[in-house]
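# Notes for the structure review
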Amino acid sequence: MLKIQYLIYTYMALCACMMIYNIAYTIYSRTTEKNIEKQKNGFIKKVKNQISLLESGITLAAKHRKYLYSKLKWVHNLLIFEQILDEQTKQIRNEYFKNIRYIFYKLALYYQKTDGVKKAYFAYIIGKYKIEDEIGKNILTNTLFMFLDEETMYCRDNALRAIIKLGNIKNILEVLKRIKKSKYYFSVEMLYENLLEYNKNRQILAEKIWQEFDVFNENTQIAIIKFITNYKLNFSEEFYNLLEKNIVNNKIKVEIIKYFKDNIYDKVEKLLIDYTKLTGILNREIVIESARTLGSYNSVEVKETLKDLLKRNDWDIRMTASESLSVLGTSYYELADIYNGEDNIARRILSYKIQNYKYTYTNPKIEVS
Amino acid sequence: MEIVKYILMVVEVFFIIYLIGYSTFLFFSVVVGSTTLYKQKRLEKLKNKLRTNYDIPISIIVPAHNEEITVIDTVNSLLELEYEKYEIIVVDDGSKDSTSSKLIEYFEMHKVNRPIEKVIKCKREEYVYETNSLKVPLTVVRKANGGKSDALNMGINLSQYPYFISIDADSVLQYDSLKNITSPFREKEDIVACGGLIRISNDIEFEKGRVKKYKLPKNILSAMQVLEYDRSFFASKILLDVFNGNLIISGAFGLFKKDLVVAVGGYDANTVGEDMELVMKLHVFCKSHNIPYCIKYVPDAVCWSQSPEKLGDLIKQRRRWHMGLLQSMSKYRELFLNMKFGLISFISYLYFLIYELLSPFIELTGLVVTIISFIVGLINIKFMIIFFLLYATFGALLSLTIFLARIYVQDSKLSFLDFMKAVFLCFIEIAGLRQIMSIARMTVFIGYKKRKLQWEDLTRKQQKLKI
């Protein structure tokens, strides 16, 4: 019995340690927060002093650079630094960064050796303030490329975003190629959302990417098509050729079909009609998306095709075809054979979708309180 | 006499091992739980989070039965969510009050003749109302009474998006809950379901889906449940999540991949623990068909739910939960010590079997043996008291540890009075409420058949919401 008691006492001791750890951590965090506030004031003073000196035409003191480097090696200070910078105007910030850029090259070398979480934050700072390499040097770029191979997903995400935000097309292409070889998973959403951060000439970026489209992996290709679709870039001819040659897989086909919904391209209509004739579970998505996109192509043939789709067994195909027929503004006369036909489900789905469409457009959205 | 002595000794040793086993599990849960929370806080602070503007389309299904007091608030709170692409489907499962008519009137909905494909079997619909005039589409369907599972199945049949969320009609989703619960889908390829954190909303005021001020509920029973939720559900779910071993995603807030749920036949209408049954079914289905899958627990996706304030209501709730547990555990008994299922079998299933399903019976046996030992003079009273006190202190400390860790990470502030209340209540909870709940859970079979498909008829209060 005594032994069991000892075991229990050991448990209690462990538990007490855990409690102490929790309390200590809480106190430490609170103290750190208070210290951050105190340090922030000191920081602001020093940064502002330096900025006034800069405005008077005096170069930034070497002492201040050293001071900043020693401070910013600590990630908590980097957090304070971000807060200080956010309180400054863009003009002041840019001027200041011009003079301290060199510190970030040194910091990049330092942060390369830290853990993934700190690396991620450093990459975030680079991306947020668009801190660029000097011409002929690639320290920051290389650091960001290194971070792409980091196990921490957030680090990869922040590094990817930083590279795209910096806007160097050559680097962006290089990143997208590296993703194919990476042992880590880059989701379509992650790639797509980061591509959206590119704010220079998107058509030029898309054209450059397109030249090497075959080199990328499937997720990257889908993200690129989504990016092009989102910004309605002019890629109708290229996408149409890709569909016509039938050299891409179904997932990519579906994304391209979606592009043609808002980017009307007459040549694609026949291809979409052909797609709706496909059968089998593997082609289901293609049929559904083609039916949806055909809602933007008003012709007798399209309407007949959509009516044919109402007879399919798959309810999602029927629903989508009905939606497209509603959008196309089809008259009762044109749909009389469905309304008077024997397919009860087709009739009900069509009536519901047309009613729904009319209702939505006669009742605009309201705020409920 | 020697034989009795021997039997009692064996029983005594068994109980000590049993309690140490339970404490060990709790200990690991709390260590892993609090560490995960601190890590999460650090990640958030240092911008280690996927920023997402692209929303995965979600259908939110709200099964409701006699929820006229809370349902409008629930839908209003759902309309406040910071998310773009979702729809709300309220399924009125043959309510006797005016649940659906209140919604129809309040949101000025119109009747539609909507055909419903029953990809999953469920009872017939009586009518469907819709509106597209709100931030997102809202659908109300009234159907013949068939229980919560049946209502959820109807919701799945009506849903138009590839993912659905099931929530209770008395719950409030925090403004960022959808963004957070969908985050694992961006991080991993094979996610099939995600569970959010259920927190107790009693006495908490909300403004636009945000907590205005956090405090412990005034009601002692609810306050004790806050501590119990943190220790028993929250911490253990974080631990089981480490090896994809969670067997429950609370029915109050869970996200599922629709095509997989349809493939397994949806919710089982013959069980009262539909949430656990579905998750166990997904485990078995995916493992049996060699489908790579992951079921995630997302502690920063928060759903606020009302807890029972009356002991009678709490007993009703726990009996229902226990019955659901029994049904699911017996239905998927192939998970018991089966190498094919790995740690899910040897840790998750075993934990639920010994420390959840059988615990009331084991604890009752323990009580009986203690009384017999006392009568025949075989008990070391001093040791027994020390042991019990140590066990209670240990449990209370663990509750407090995870509670404070969560408070620090998610709420930041707790008044001194509430802190003292928590310290006091964690002892009462471990050495009082737990025993009452054990007795309640043991009576689970009484009147079970009659109530098998009935909804939980608990006292509801209006949430303190400011839109």
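Numbering of residues starts from 1 in each chain and follows the order in which that chain's sequence is written. Written order determines the labels here, with chains lettered from A and ligands numbered from 1. With the structure being a predicted model, the display of local features is reserved for residues of pLDDT at least 70 and the display and counting of side-chain atom pairs for 80 or more, all residues being used for whole-chain, interface and lining totals. Based on all heavy atoms of the structure, the side-chain values leave hydrogens and waters out of the count.

### Side note on the overall build of chain B
Stated formally: Every helix listed is a DSSP run of H or I at least four residues long, and every strand listed is a run of E at least two residues long, numbered separately from the N terminus. Radius of gyration: over C-alpha atoms. The globule rule applied is 2.2 Å multiplied by the number of residues raised to the 0.38 power. Throughout, exposure labels follow a simple rule: accessible area from a 1.4 Å probe, protein chains only, divided by the maximum for the residue type, with under 20% read as buried, over 50% as exposed, and the rest as partly exposed. Contacts between residues were defined by any pair of non-hydrogen atoms, one from each residue, lying within 4.5 Å. Throughout, the Shrake-Rupley method with a 1.4 Å probe supplies accessible areas, and for residues the shown protein chains are the sole cover considered. When charges are counted, Lys and Arg contribute as positive and Asp and Glu as negative, whereas His and the chain ends are disregarded. The location of each charge is read from NZ of Lys, CZ of Arg, CG of Asp or CD of Glu.
A tally of helices and strands in chain B yields 15 helices and 13 strands. In summary, chain B has a C-alpha radius of gyration of 23 Å against a globular reference of 23 Å for 467 residues, a match within 12%. Expressed as lengths along the three principal axes of its C-alpha atoms, the size of chain B is roughly 75 × 45 × 45 Å. Relative to its 467 residues, chain B shows a buried fraction of 60%. Restricting the contact set of chain B to residue pairs at least 6 apart, pairs at least 24 apart contribute 81%. With the model as given, the accessible surface of chain B reaches about 18600 Å², and the carbon-plus-sulfur share is 62%. The centroid of the 60 positive side-chain charges in chain B is displaced by 3 Å from the centroid of its 49 negative side-chain charges.

### Comments concerning the domain arrangement of chain B
Residues and elements named next belong to chain B. Basically, it comes down to this: For each domain, the first and last residues come from an automatic or database assignment. Throughout, buried area stands for the accessible area (probe radius 1.4 Å) lost by two parts on being put together, summed over both. A carboxyl oxygen of Asp or Glu within 4 Å of a side-chain nitrogen of Lys or Arg is what we treat as a salt bridge.
Taken domain by domain, chain B consists of domain 1 (2-25 + 355-448) and domain 2 (52-346 + 454-466). Between the C-alpha centres of domain 1 and domain 2 the distance comes to 30 Å. Listed as interface residues are 34 residues of domain 1 and, on the opposing side, 35 residues of domain 2. Across the domain 1/domain 2 interface, buried area totals approximately 3100 Å², and carbon plus sulfur atoms make up 71% of it. Summed over the shared surface of domain 1 and domain 2, the result is two salt bridges. Arginine 231 is the partner of glutamate 429 in a salt bridge, and the nearest nitrogen-oxygen pair spans 2.6 Å.

### So, a positive patch on the surface
The following threshold applies: Patch rule: a residue counts if its relative accessible area is over 30% and it has no salt bridge; like charges are joined within 9 Å, and nonpolar side chains (Val, Leu, Ile, Met, Phe, Trp, Tyr) within 5 Å.
On the surface, Arg30, Lys34 and Lys38 of chain A together with Lys413 of chain B cluster together to form a positively charged patch. On the secondary structure map, arginine 30 of chain A appears in helix H1 (residues 2-55).

### Remarks on the environment of threonine 99 of chain B
Residues and elements named next belong to chain B. We apply this condition: By the criterion applied in these results, polar contacts are pairs of N or O atoms within 3.5 Å in which, for protein atoms, one can donate a hydrogen and the other can accept it, and in which residues neighboring in sequence qualify only through two side-chain atoms.
Structurally, threonine 99 is set in helix H3 (residues 99-106). The spatial distance from the C-alpha of threonine 99 to the C-alpha of tyrosine 38 is 42 Å, given a sequence separation of 61 residues. Leaving out residues up to four positions away in the same chain, threonine 99 has contacts with Ala64, Asn66, Glu67, Glu68, Val71 and Asp92. Of the polar contacts made by the side chain of threonine 99, one reaches the side chain of serine 95; its length is 3.4 Å. Within the structure, threonine 99 has its side chain in polar contact with the side chain of aspartate 97 (distance 2.6 Å).

### With respect to the domain arrangement of chain A
Residues and elements named next belong to chain A. Segmenting chain A into domains produces domain 1 (41-166), domain 2 (176-234) and domain 3 (247-363). Between domain 2 and domain 3, the C-alpha centre-to-centre distance is 29 Å. Counting residues at the interface gives ten residues for domain 2 and nine residues for domain 3. By the criterion of area lost to domain 3, the three top residues of domain 2 are Glu218, Ile225 and Thr229, representing 47% of everything that side buries.

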